[in-house]
Amino acid sequence: MPTLTQHDAVSVLDFGADENRFSPEWLEEVTTHLDTVTAGTAPAALVTIGGGKFYSNGLDLEWLTAHGDEAAKYVTSVHELLARVLALPVPTVAAVNGHAFGAGAMLAMAHDFRVMRTDRGFFCFPEADINIPFTPGMAALIQAKLTPAAAVASMTTGRRFGGPQARDLGLVDATADEAALRSTAVEVVASLAGKDRGTLGAIKATMFAPALTALRS
């Protein structure tokens, strides 16, 4: 399950060592940790990271298949997590340690910055190949962060991008080897931890207003 540790002003949220799919329990745990990160007024920033092969494989399709009557509520909770991270009033960076697929890649995209492992893992929106169209909110989130060309290249093809390819396309901002991934991600936001939360939150709410509206509609 997700765990939260502190590195000076930077909180590191480790999603776990499995596929880190968005089960209801996982979503609840992550939300609780985000509450902790944003509580109080001390300087703060957030790094998220997974363990092993995966950053996150996104939607828990097995759970969703078994609980079809709760699908609408489940999708709403996923949208709310994406919106929460997108507008979080502290600097955020996703340390993409392994595979980031579907909603897991969208969660990474919701962060301010992304650093991906150089030699392992794929960043992928597989929706075109698994016949699951993007919701308007999910599409708006991705398109808010990418150039039109990058959005077409990643959203309509189902292509899997390794770290260097993801960086070149603009899906991630930087790459690092495994040993340096966490420290590199912490370094990205450590100097930004003192930003005023009210101001930063207002800036993000304005920057991403269409995506936030679509995710929360």
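Look a little higher up for the structure.
Read on for a plain summary of the structure.

Calculation rules
- Residues numbered from 1 in each chain as written.
- Predicted model: local features only at pLDDT ≥ 70, side-chain atom pairs only at ≥ 80, totals over all residues.
- Heavy atoms only, no water.
- Phe/Tyr/Trp six-rings, centres within 6.5 Å; stacked < 30°, edge-to-face > 60°.
- Helix = DSSP H or I, 4+ residues; strand = E, 2+ residues; numbered from the N terminus.
- Buried < 20%, exposed > 50% of the residue type's maximum accessible area, 1.4 Å probe, protein only.
- 1 Å grid on protein atoms, 1.4 Å probe; cavity = no way out; pocket = protein on both sides within 12 Å on 5 of 7 lines; lining within 4 Å.
- Points joined across faces, edges and corners; volume = space filled by probe spheres on them.
- Nonpolar A, V, L, I, M, F, W, Y, C, P; charged D, E, K, R; others polar.
- Axes fitted to C-alpha atoms, helices over the stretch in contact; angles between N-to-C directions.
- Parallel < 35°, antiparallel > 145°, perpendicular 65-115°, else oblique.
- Left-handed = near helix turned anticlockwise from the far one by under 90°.
- Contact = heavy atoms within 4.5 Å.

1. Overview of the packing of aromatic side chains
Consideration 1: Applying the stated criterion across every chain yields a total of 6 aromatic pairs.
Consideration 2: Ring geometry for Trp63 against Tyr74: centres 5.3 Å apart, planes inclined by 35°, an arrangement best described as tilted. A residue pair is termed long-range when its members are at least 10 positions apart, and Trp63 in helix H2 (residues 61–66) and Tyr74 in helix H3 (residues 71–86) qualify at 11 residues.
Consideration 3: The class for Tyr74 is buried, based on a relative accessible area of 3%.
Consideration 4: Relative to Phe134, the ring of Phe125 has its centre 6.2 Å away and its plane inclined at 75°; by these criteria the two rings are edge-to-face.
Consideration 5: Following the ring pairs from residue to residue traces out a cluster consisting of Phe15, Phe22, Trp26 and Tyr55.

2. Description of empty space enclosed by the protein
Consideration 1: Enumeration over the complete set of coordinates arrives at 1 cavity of 30 Å³ or more.
Consideration 2: Taken as a whole, the largest cavity spans an internal volume of roughly 40 Å³.
Consideration 3: For the lining of the largest cavity, the secondary-structure elements that each account for two or more residues are helix H1 (24–38) and strand S4 (45–49).
Consideration 4: Among the residues making up the lining of the largest cavity, the classes are represented as 7 nonpolar, 2 polar and no charged.

3. Here we look at the packing of H1 against H3
Consideration 1: Between H1 and H3, the least distance of the axes is 11 Å, while the angle of their chain directions is 25°. What the angle tells us is that H1 and H3 run roughly parallel. As for how H1 packs across H3, the hand of that crossing is left-handed. Residues Pro24, Trp26, Leu27, Val30, Thr31, Leu34, Asp35 and Thr38 of H1 form the contact with H3, whose participating residues are Tyr74, Ser77, Val78, Leu81, Arg84 and Val85.

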